[in-house]
Amino acid sequence: MMTDELTQLHPSHRTAMMIEGAFVAVPLLVAGIVLEIVGLLPTGVVIVPAALVALWCLGWAPMRRYRHKGFALAEDRLRVVKGWLFHRDTVVPFGRVQHIDVIRGPVERMLGLSTLVLHTAGSHNSSVALPGLLDSDAQSMREVIRSHITRETEGV
Amino acid sequence: MSDPRGEAPRRTELLGLVPSVTKGLAQAVFAVIAVAVGAREISSNAFLMVTIAVLIVGSALAAAFVRWWRTEYRVGADDIRLETGLLSREARSVPYERIQDVSIAEPLLARLLGLVSVTFETGAGGKDEIELAYVTRAEGERLRAVVRRQRETPVETGAAGAVAPADAAEEPSETLFAMDLGRVVHFGLFEFSLVVLGVIGAALQQLDFLLPFDIWSADFWTDLFAVQTDTLRHWGFAAQIFGAVLAAVSLLVLGVVTGVVRTVLRDYDFRLERTERGFRRRRGLLNRTDVVMPVHRVQAGVLATGLVRRRFGWHSLKFVSLANDAKSASHDVVPFAQPDEIAPVARAASIALPGPDTRWHRPSRRPWTDSFVFFAAALTAAGMVMAIADVPWWPAPLVAIPVAGVLHALHWLRHGWAMDDGQLFVRTGLLAPVVTSAPAIKLQSVEIARGPLGRLRGYVALKCGLAGGRLEIDGLMHDTAEALRQSILAEIARVDFSRLNTPAVKR
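Thresholds applied
- Along every chain, residues carry numbers that run from 1 in the direction the sequence is written.
- Working convention: letters from A go to chains and numbers from 1 go to ligands, in the order in which they are written.
- Residues qualify for local features only when their pLDDT is at least 70, as the model is predicted, and side-chain atom pairs are given and counted only at 80 or more; totals for whole chains, interfaces and linings, by contrast, use all residues.
- To obtain the side-chain values, all non-hydrogen atoms of the structure were included, while hydrogens and water were left out.
- Side-chain atoms within 4.5 Å are what join buried Ala, Val, Leu, Ile, Met, Phe, Trp, Tyr and Cys residues into a set we call a nonpolar core.
- The buried label applies to any residue whose accessible area, calculated with a 1.4 Å probe on protein chains only, is under 20% of its type's maximum; exposed applies above 50%, and partly exposed to all values in between.
- Helix and strand definitions here come from DSSP, where helices need a minimum of 4 consecutive H or I residues and strands a minimum of 2 consecutive E residues; each element is numbered from the N-terminal end.
- The contact rule is simple, with two residues in contact once any of their heavy atoms fall within 4.5 Å.
- Two strands qualify as a pair provided that DSSP identifies no fewer than 2 bridges between them.
- Throughout, an axis means a line fitted to C-alpha atoms (over the contacting stretch in the case of helices), and angles, computed between N-to-C directions, take values from 0 to 180 degrees.
- By definition, the buried area sums, over both parts, the 1.4 Å-probe accessible area that each loses when the two are put together.
- We define a salt bridge as a contact between a side-chain nitrogen of Lys or Arg and a carboxyl oxygen of Asp or Glu at a distance within 4 Å.
- Any pair of N or O atoms that falls within 3.5 Å is considered a polar contact. Within protein, one atom must be able to donate a hydrogen and the other to accept it, and sequence-neighbouring residues count only if both atoms are side-chain atoms.
- The source of the domain bounds is an automatic or database domain assignment.
- For this classification, the nonpolar set comprises Ala, Val, Leu, Ile, Met, Phe, Trp, Tyr, Cys and Pro, the charged set comprises Asp, Glu, Lys and Arg, and every other residue, Gly included, is treated as polar.

**Observations regarding the nonpolar core**
Residues and elements named next belong to chain B.
- The biggest cluster of nonpolar side chains holds 30 residues, and the ones touching the most others in it are Leu-317, Phe-319 and Val-345.
- At the level of secondary structure, the elements contributing two or more residues to this core comprise β7 (174-178), α6 (181-190), α9 (237-267), β10 (288-293), β11 (298-304), β12 (315-321), β13 (332-337) and α10 (339-348).
- The leading source of residues in this core is β13, at 4 residues.
- The contacts of Leu-317, once residues within four sequence positions are left out, are Gly-301, Val-302, Leu-303, His-331, Asp-332, Val-333, Val-334, Ile-342, Val-345, Ala-346 and Leu-353.

**Notes on the sheet that holds β12(B)**
Residue and element names in this part refer to chain B.
- Strand order in this open sheet of 6 strands is β13-β12-β11-β16-β15-β14, and the pairing throughout is antiparallel. If you trace the sheet from one side to the other, it starts and ends with β13 and β14 (416-420), each paired once. Strand-to-strand, the axes of this sheet are offset by a mean angle of 15°, without reference to chain direction.
- Pairing of strand β15 (residues 423-428) with strand β16 (residues 434-439), which is carried by 6 bridges, proceeds in the antiparallel orientation.

**Digging into the interface of chain B and chain A**
- Contacts between the two partners involve 31 residues from chain B, matched on the other side by 26 residues from chain A.
- Each partner contributes to the roughly 2,700 Å² buried at the junction of chain B and chain A, and carbon and sulfur atoms together form 50% of this total.
- Across the chain B-chain A interface, the total number found is 2 salt bridges.
- Among the ionic pairs, B:Arg485 bridges to A:Asp89, the shortest N-O distance being 3.1 Å.
- Viewed at the interface, chain A and chain B are joined by 7 residue pairs in polar contact (both at pLDDT 80 or more).
- Elements with a minimum of two residues in the side of chain B that touches chain A: β17 (445-450), α13 (452-457), β18 (459-466) and α14 (478-498) of chain B.

**Observations regarding the sheet that holds strand β4 (residues 101-106) of chain B**
Residues and elements named next belong to chain B.
- The 7 strands are arranged β6-β5-β4-β10-β9-β8-β7 in an open sheet whose pairing can be described as antiparallel. Only two strands of the sheet have a single partner each, and these edge strands are β6 (130-136) and β7. Taking each pair of neighbouring strands and ignoring which way they run, the sheet shows an average axis angle of 20°.
- With 5 bridges joining them, β4 and strand β5 (residues 115-121) adopt antiparallel strand pairing. If you follow Val-102 over to β5, its bridge partner there is Phe-120.

**Topic: the domain arrangement of chain A**
All names here are of chain A.
- Here chain A is partitioned into domain 1 (12-66) and domain 2 (70-155).
- The distance between the C-alpha centroids of domain 1 and domain 2 comes to 32 Å.
- Listed by partner, the interface residues are 8 residues for domain 1 and 7 residues for domain 2.
- Here domain 1 packs against domain 2, burying approximately 630 Å² in sum over the two surfaces, 79% of which is carbon and sulfur.
- Joining domain 1 to domain 2, the criterion identifies 0 salt bridges.
- Inspection of the region where domain 1 meets domain 2 yields 0 residue pairs in polar contact (both at pLDDT 80 or more).
- Along the lines of polarity and charge, the residues of the side of domain 1 that touches domain 2 split into 3 nonpolar, 3 polar and 2 charged.

Okay, here's the thing in structure tokens:
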């Protein structure tokens, strides 16, 4: 089961990360350009690092982070994978879920995305977040997990 | 009382203000002293000083009284409510199903007055728990009985407040473990502690600032010291050695005595009982505590020992439970016992202990090697910098390298894990082994985490979500971790469909 193919997140999630990166990159670029125009420092000392950081925030980081994120929804468990340098591969059995959140931030809402958060009683990993799902997918996943919990509680 | 919706709101005992105010007063006294010493003009004016003292003490009293007056609790049909606050009222409701432990503590002063403090532990961790300080002992027992009764029959309403007091608390119980005074003192001998030195040192430092009297002046000490050294020189070399030995021995005695005293105070008349509702632990000489841990809330056990006591076969067992995240309310169930005394307690909580036939696996050596290489590099660099700067003792960092090496090797040797019959064992520790044992079905999630170094060298850490504790295995190779995770998940899944899954958790 663990060899399940990971499902990629919705491509809009990449856009969402880029927009979030823009909140850092744009002010940085503006500041760099202003300093460049004022000309206190030799040409390129400010703008080049600023541009590199901006490029990282806008392009490289979202692309790479998106490539390494994924999830697998099995019959009785959810697996969430993320990260390249700091890789995290988490499995949450539905039987251990205490409650479920579906969160939509402003950027996500603009793109029609949601983040699904599973809460467990564990002190480590007490909440496992899965971002970048289509609204409808997140809601249906929530229903699946919820019905699983209900079924199990009634079965006891 | 006949109101089916619960009983009328009540306040805690007014007498309970005495212990809580006393605690506040102790701090106030320090404040008064600090003010008096800090500003000489005040200390010379007796009237002003008395006024300030009265103000500080009075405000502490008034605050405590208002807090008491505006705090009301109510035992409802299906929850316990607590209303607090002078201007903004805050009402908290804790449903009985969410109350995991009810613990009763009797600090010294409260105990003299026949009062107890009752804490309803919800597993929310420290801050959000309801604490009623102080109520009469009978009321404490009654509250505990109410909660227990509610937990037993959660559907039934009414009669919640009409529960008869005290008698409900008496249940058939079986003593699982108890320590007599001899055992407690024996335990104390291993609890060597020099905390007293720290306290004295800290107090002296404080007084040093606060009391600029003559005896604290430099002259006083130099004189005293001069006399001492003079005598010592007189005695000669052998006497100096004798003095050093004497100092070491007295330090040792002080440490042992402190350990014994602290242990007796904490664990006097320790008894652990198995009651209908769970494990009940009572202990303490001056501050007697009474804690109940429901059996199904026990998530894991931690079996520990010490460097010296291990030679004599002494071990301790602690429970990891939902209600003790990072709180000092420890769940020490067997503080000091031989393995055959621990076994029945662990069995009662259905926690397996590692036996001689447990197949231990060692983690990969790589994380420890990597860590040591970093240490060695840093120490070498430090040594070189110190040598270049011509600092005395520059070889010290280099000498530390083999020490670090031995410690790393020892740490690695201690590490181990085993998965046996649905039980996950993780062994850690440096000087003495600490084994955490958790039934896999109690685990909440399983994560495989890999950092940058692990990415290069192929090792990962397996981190399990455990309610109220930590369970991690470092330095597994990826395939091993994957296989271990599979078997843990298989265990969880099996239980979810076929075995009873601790019904009270789900409600």
